[in-house]
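Spelled out from the first residue to the last, the chains are:
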Amino acid sequence: KLKAVIFDLDGVITDTAEYHYQAWKATATELGIPFTREFNENLKGVSRMDSLKLLLSQAEKPVNYSDEELVQLADRKNKLYVELIETITPADLLPGITEFVADIRSTGLKTGIASASKNAIAVLTRLGVMDHFDVIVDVNKLKNSKPDPEIFLTAAAQLGVEPADCIGVEDAASGVDAIKGAGMFAVAIGNAAHFPHADIVLSSTAELNFRELAQTFEGK
Ligand code: BG6
Ligand code: MG
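What you are looking at is a predicted structure, and each value in this text was computed from that prediction instead of being measured.

Analysis parameters
Residues numbered from 1 in each chain as written. Chains lettered and ligands numbered in written order. Predicted model: local features only at pLDDT ≥ 70, side-chain atom pairs only at ≥ 80, totals over all residues. Heavy atoms only, no water. Phe/Tyr/Trp six-rings, centres within 6.5 Å; stacked < 30°, edge-to-face > 60°. Helix = DSSP H or I, 4+ residues; strand = E, 2+ residues; numbered from the N terminus. Buried < 20%, exposed > 50% of the residue type's maximum accessible area, 1.4 Å probe, protein only. Lys NZ or Arg CZ within 6 Å of the ring centre and 35° of its normal. Core = buried A, V, L, I, M, F, W, Y, C linked by side-chain atoms within 4.5 Å. Contact = heavy atoms within 4.5 Å. Axes fitted to C-alpha atoms, helices over the stretch in contact; angles between N-to-C directions. Parallel < 35°, antiparallel > 145°, perpendicular 65-115°, else oblique. Left-handed = near helix turned anticlockwise from the far one by under 90°. Nonpolar A, V, L, I, M, F, W, Y, C, P; charged D, E, K, R; others polar. Pairing = 2+ DSSP bridges. Donors = N, O, S within 2.8 Å, 3.2 Å for Na, K, Ca; no water. Near = heavy atom within 4 Å. Polar contact = N/O pair within 3.5 Å; in protein donor to acceptor, adjacent residues only side chain to side chain. Areas by Shrake-Rupley, 256 points an atom, 1.4 Å probe, with all protein chains shown as cover.

(A) The packing of aromatic side chains, seen in detail. Considering all chains together, one arrives at 5 aromatic pairs under this definition. Here the aromatic rings of Phe7 and Phe133 are separated by 5.8 Å at their centres, their planes lie at 75 degrees, and the arrangement is edge-to-face. Of this pair, Phe7 sits in strand E1 (residues 4-7) while Phe133 sits in the loop between helix H6 (120-127) and strand E3 (135-136), placing them 126 residues apart in sequence. As far as burial versus exposure is concerned, Phe7 and Phe133 are alike and both buried. Taken together, the ring pairs in this structure connect Phe7, Phe100 and Phe133 into an aromatic cluster. In this structure, Lys77 is placed above the aromatic ring of Tyr81, and the distance from its NZ or CZ to the ring centre is 4.7 Å.

(B) A look at the nonpolar core. Core analysis: the largest hydrophobic core is formed by 36 residues, its most contacted members being Phe7, Ile13, Phe100, Phe133, Ile167, Val169 and Val187. At the level of elements, E1, helix H4 (67-85), helix H5 (97-106), H6, strand E4 (166-170), strand E5 (185-189), strand E6 (200-202) and helix H9 (210-218) are the ones that each hand at least two residues to this core. Other than its neighbours up to four places away in sequence, Phe100 contacts Val5, Phe7, Leu208, Asn209, Phe210 and Leu213. In terms of nonpolar packing, the next biggest core, distinct from the first, is built from 23 residues, Val135, Ala155, Ala178 and Ile179 among them.

(C) Structural view of the packing of helix H1 (residues 16-31) against H4. The N-to-C vectors of H1 and H4 enclose an angle of 135 degrees; their axes lie 9 Å apart at closest approach. Relative to H4, the element H1 lies oblique. Taken as a pair, H1 and H4 cross one another with a handedness that is right-handed. Between H1, through Thr16, Tyr19, His20, Gln22, Ala23, Trp24, Ala26, Thr27, Glu30 and Leu31, and H4, the contact on the second element is made entirely by Leu73, Arg76, Lys77, Leu80, Tyr81, Leu84 and Ile85. Across the contact of H1 with H4, the residue classes tally to 10 nonpolar, 4 polar and 3 charged.

(D) Inspection of unusual backbone geometry at higher detail. Pro147 follows Lys146 through a cis peptide bond whose omega is 15 degrees. Examined against the element boundaries, Pro147 turns out to sit in the loop between E3 and helix H7 (150-159).

(E) Up close: the sheet that holds E4. Read across the sheet, 6 strands follow the order E3-E2-E1-E4-E5-E6 without closing on themselves; strand pairing throughout is parallel. Strands with a single pairing partner mark the edges of an open sheet, and in this sheet they are E3 and E6. Of the strands in this sheet, E1 and strand E2 (110-113) are in contact with H5, which crosses E1 at around 150 degrees.

(F) Structural view of the coordination of the magnesium ion (ligand 2). Coordination of the magnesium ion (ligand 2) by the protein is provided by Asp8 (OD), Asp10 (O) and Asp171 (OD), with metal-donor distances spanning 2.0 to 2.2 Å. In the primary sequence, the donor residues of the magnesium ion (ligand 2) line up as D-x1-D-x160-D. Here the residue Asp10 occupies a position in the loop between E1 and H1, and Asp171 occupies one in the loop between E4 and helix H8 (173-181), the gap between them amounting to 161 residues. On the basis of relative accessible area, Asp10 is assigned to the buried category, the value being 11%.

(G) Region of interest: the environment of Arg48. Examined against the element boundaries, Arg48 turns out to sit in helix H3 (residues 48-56). The spacing of Arg48 and Val71 is 23 residues in sequence and 9.8 Å in space, taken between C-alpha atoms. Not counting residues up to four positions away in its chain, the partners in contact with Arg48 are Trp24, Ala74, Asn78, Lys118 and Asn119.

(H) Just the site of ligand 1, in detail. In the vicinity of ligand 1 lie 14 residues, with Asp10, Arg48, Ser117, Lys118 and Asn119 positioned nearest. The contact in question runs from an oxygen atom of ligand 1 to an N or O atom on the side chain of Asp10, over 2.7 Å. Relative to its unbound accessible area of 400 Å², ligand 1 is 97% covered by the protein chains. When the residues that make up the shell around ligand 1 are grouped by side-chain class, the tally is 3 nonpolar, 7 polar and 4 charged.

Next up, the structure:
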């Protein structure tokens, strides 16, 4: 029985996936490292430091950075990202999200946020939707990052529901794998070719329809 819907944030609630891309792209350019949108797919859902290491792996001539230098590079990217999110307003909620979340809640179901971003609270606050979610998982308290299911399992536990009674919504392949690893029903947003493991793929958040989704979930 469907009890909760747990959302990724970046690229699902708002298009901050684009801002992460822009900040990484600028960082890569400064370092003379090639960085494409296609390669950026591998960074979605991945923590800041792991993303940096993936980016550095694309260098034609690999450099051995010290831990301190890695932290500086990650801080540099985050500074660029934080500048970009300062412009966010409630108008930046992705199409259909407000209605979808309202429909879920009006049915008495719970909502949660499972984001790998340390900037999640800042983004949700700027969007004006902090009180639309019953639980926002604190990524600082987690041991494992997506595709490990820990973040989705933690959200379900904090909501007091069984993972099997949850739908997870993601725009990253690593996130879909985390949802499936948690034993939840996975809805992916984006290009179907990126999501072989999702239960449903929608090309945009505008296609999120609570009644249809709940029916599909109950019939699964
Ligand atoms: C995820 C994004 O939500 O958060 C990743 O998909 C990002 O692109 C990760 O790297 C960590 O975000 P932050 O804000 O802590 O650097
Ligand atoms: Mg995402």
